[in-house]
Structure formats: structure tokens, C-alpha cells
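# A closer look at the structure
Residue-level listing of the chains:
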Amino acid sequence: MGARGGGGRKMAAAAVTAGRPAAAAPARLPCSAWLLAAAALTAVKVSAVEVNTPEEIFVENGTDAKLPCTFTSVEVISSAASVSWSFQPEGAATRISFFYYFNGKPYPGKDIPFKDRITWAGDLNKKDASISISNMQFRDNGTYICDVKNPPDIVVKPGEIRVRVVEKDSLPAFPIAMVAGIVIGTVTGLSPLISIVVCLVIRKNNSKKRYSGDPDIDARLGM
């Protein structure tokens with residue numbers, strides 16, 4: 001009986017199982033759906049901050065230098081935005097981090113060649129990340145790197161400035177002589193033309209005075 005009972009239960013279970021609908025197989029997404037998903041992920045990817053700096057500047061020894069650095073970002077500037085500056089000395093292979101700006105506060109390094117010489121000269125609301133370095137020395141020759149992050153725009157290519165420190169008074173002053181020469185040359189070049197115009201005006205006025213009253217001459221002179 002026990003064997004028969006067990007066989008009956010197995011047959012009953014098989015009958016119940018046969019009466020149930022088979023489980024549906026997982027649906028497969030068409031290729032177009034995968035392409036749309038990939039496009040959506042690409043559309044929401046993080047944008048890059050673009051940093052702009054001059055390629056090279058010259059600074060006189062012993063003077064102050066402003067290192068300009070501006071940037072563009074599609075995101076609103078928030079308190080999470082940050083700026084970091086590093087320095088790679090001339091001929092060196094490594095960089096030295098010497099300045100950090102975050103949450104409205106500058107954090108200049110202390111145990112560095114620029115100790116007590118760094119001043120924040122930027123304004124993040126105006127997308128300006130510039131700094132100033134006082135009393136530039138020949139040892140300050142090298143490349144300065146400006147790195148800006150504005151989350152979620154954090155993918156960034158830093159800007160690089162090559163700084164050349166030269167002897168004092170060796171840089172050319174504002175070319176006043178050159179500007180004066182250009183002005184004088186322009187005026188000199190226009191002088192003959194001005195003289196011709198003045199002569200024609202005077203001649204026409206004299207002709208009007210001399211021949212006024214003669215209808216034929218007046219007509220030829222446009223009077």
C-alpha cells in the first residue's frame with residue numbers, strides 16, 4: 001500500500017504540473033532598444049571644464065607676477081568648485097602642488113619655494129582662477145599648471161603656463177616710440193591728400209567769387 005500510495009502522489013503531482021502553464025522565457029530586447037539606452041547614457045555623461053591660460057609669459061626678476069587662468073563650465077559655480085595650482089621646475093620631471101582653493105578659501109602651501117608669496121587673484125563666480133606670486137626669482141622658471149573642477153563637471157585638461165624670469169629692466173617698455181612713429185607716418189602720408197583737398201576748396205571758392213553772376217560759368221562750376 002505504501003508503494004502504491006507513493007506512486008499515486010507522484011502521478012497526482014505530475015498531473016497538476018501538466019495542468020499549469022509553462023513559465024514564460026525572459027523577453028529579449030531588440031537591438032534598437034540597446035542602441036537607445038547607449039545613446040541615453042552618452043547624453044548624460046559629465047561635461048568637461050575647459051581651462052584657458054597663456055602659453056608663455058615673461059616676468060622680471062624681483063617683481064610680482066600674475067598667472068592668469070580662466071575656465072568655462074556648463075554647470076553653475078557651486079561651493080564644491082575647486083582650483084589647484086602646481087609647479088614643474090625647469091628641467092624637472094615631477095610637479096609640486098603649492099596652492100589650493102576650495103569653498104571660498106585659499107590654502108597656500110607652507111613648505112614650498114613659494115611660501116608666503118602666493119595671493120588668490122581670481123573670482124570663481126567670474127570663472128577666473130588666477131593667482132599672483134610676489135618677488136619672482138630665477139628659480140621660479142618653469143611650468144605652472146592650473147587645474148579647475150566644478151562638479152559634476154570634473155573631467156578637465158589643466159592649463160599650462162611657461163614662465164620665464166628675466167633680468168630686471170630687460171623687458172621692452174611700452175612701445176611709445178613705435179606708436180608715435182605710426183601716428184606721424186599716418187599723418188605724413190595723409191598730408192599731400194589733405195593739401196590737395198584744401199587747394200581744391202580754396203580754388204572753388206575763389207572761382208565762385210570771381211565768376212559769380214555769369215550764368216554759363218556758374219553752371220559749369222555747379223553754382
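Everything that follows concerns the structure shown earlier in this document.
Residues numbered from 1 in each chain as written. Predicted model: local features only at pLDDT ≥ 70, side-chain atom pairs only at ≥ 80, totals over all residues. Heavy atoms only, no water.

The number of helices and strands found in the protein is 4 helices and 12 strands. In the protein, which comprises 223 residues, the proportion classed as buried is 24%. Within the protein, contacts between residues separated by at least 24 positions form 58% of all contacts whose residues are at least 6 apart in sequence. Working note: accessible area of the protein is about 15700 Å², and carbon and sulfur atoms make up 61% of it. (Helix = DSSP H or I, 4+ residues; strand = E, 2+ residues; numbered from the N terminus. Buried < 20%, exposed > 50% of the residue type's maximum accessible area, 1.4 Å probe, protein only. Contact = heavy atoms within 4.5 Å. Areas by Shrake-Rupley, 256 points an atom, 1.4 Å probe, with all protein chains shown as cover.)

We now examine the pattern of salt bridges. If you walk through the whole model with that rule in mind, you get 5 salt bridges. When the shortest N-O distance is used, the salt bridge between Arg-95 and Glu-160 registers 3.1 Å. Taken together, the residues Arg-95 in the loop between strand E5 (82–89) and strand E6 (96–102) and Glu-160 in strand E12 (residues 159–166) connect sequence positions 65 residues apart. When the shortest N-O distance is used, the salt bridge between Asp-140 and Arg-117 registers 2.5 Å. Pair noted here: Asp-140 is in the loop between strand E9 (131–133) and strand E10 (142–149) and Arg-117 is in the loop between strand E7 (105–108) and strand E8 (118–120), with a separation of 23 residues, a long-range link. For the pair Asp-140 and Arg-117, a shared accessibility class is recorded, and that class is buried. (Salt bridge = Lys/Arg side-chain N within 4 Å of Asp/Glu carboxyl O.)

As a further point, take the state of the cysteines. What the rule picks out here adds up to 1 disulfide. The disulfide bridge from Cys-69 ends at Cys-146, spanning 2.1 Å between sulfur atoms. Between Cys-69 and Cys-146, the S-S torsion sits near -80°, and that sign places the bridge as left-handed. You can see Cys-69 sitting in the loop between strand E3 (65–67) and strand E4 (70–72) and its partner Cys-146 sitting in strand E10, a full 77 residues away along the chain. Side by side, Cys-69 and Cys-146 carry an identical accessibility label, which is buried. (Disulfide = S-S within 2.5 Å.)

What you see with strand E1 (residues 48–52) is a clean split: Val-49 and Val-51 sit on the buried side and Ala-48, Glu-50 and Asn-52 on the side with no burial. Bridge analysis of E1 against strand E11 (residues 155–157) gives 3 bridges, and the strand direction is parallel. Looking at E11, one finds that Glu-50 is bridged to Lys-157. (Pairing = 2+ DSSP bridges.)

To continue, consider the packing of aromatic side chains. Tallied over the entire structure, the rule returns 9 aromatic pairs. An angle of 85° between the planes, with centres 6.1 Å apart, marks the rings of Phe-98 and Tyr-144 as edge-to-face. Here Phe-98 is found in strand E6, whereas its partner Tyr-144 is found in strand E10, with 46 residues between them in sequence. Classification of Phe-98 by relative accessible area gives buried; the value is 1%. (Phe/Tyr/Trp six-rings, centres within 6.5 Å; stacked < 30°, edge-to-face > 60°.)

Another aspect to go through is the environment of Phe-99. Note on placement: Phe-99 falls in strand E6. Judged by relative accessible area, which is 4%, Phe-99 ranks as buried. Along the chain, Phe-99 and Trp-120 lie 21 residues apart, while their C-alpha atoms are 9.1 Å from each other. Apart from residues no more than four positions distant in its own chain, Phe-99 is found in contact with Val-83, Ser-84, Trp-85, Pro-106, Tyr-107, Pro-108, Ile-118, Trp-120 and Ile-131.

Here the focus is the sheet that holds E6. Strand order in the open sheet made by the 6 strands is E2-E12-E10-E5-E6-E7, with mixed pairing throughout. Looking at which strands have only one partner, the edges of the open sheet turn out to be strand E2 (56–60) and E7. Put simply, the sheet's adjacent strands are angled 20° from each other on average, direction ignored. Pairing of E2 with E12 involves 5 bridges; the strand directions are parallel. Each bridged residue has a counterpart across the sheet, and for Ile-57 the counterpart in E12 is Val-163. (Axes fitted to C-alpha atoms, helices over the stretch in contact; angles between N-to-C directions.)

Treat this as a map of the structure, not an account of what it does.
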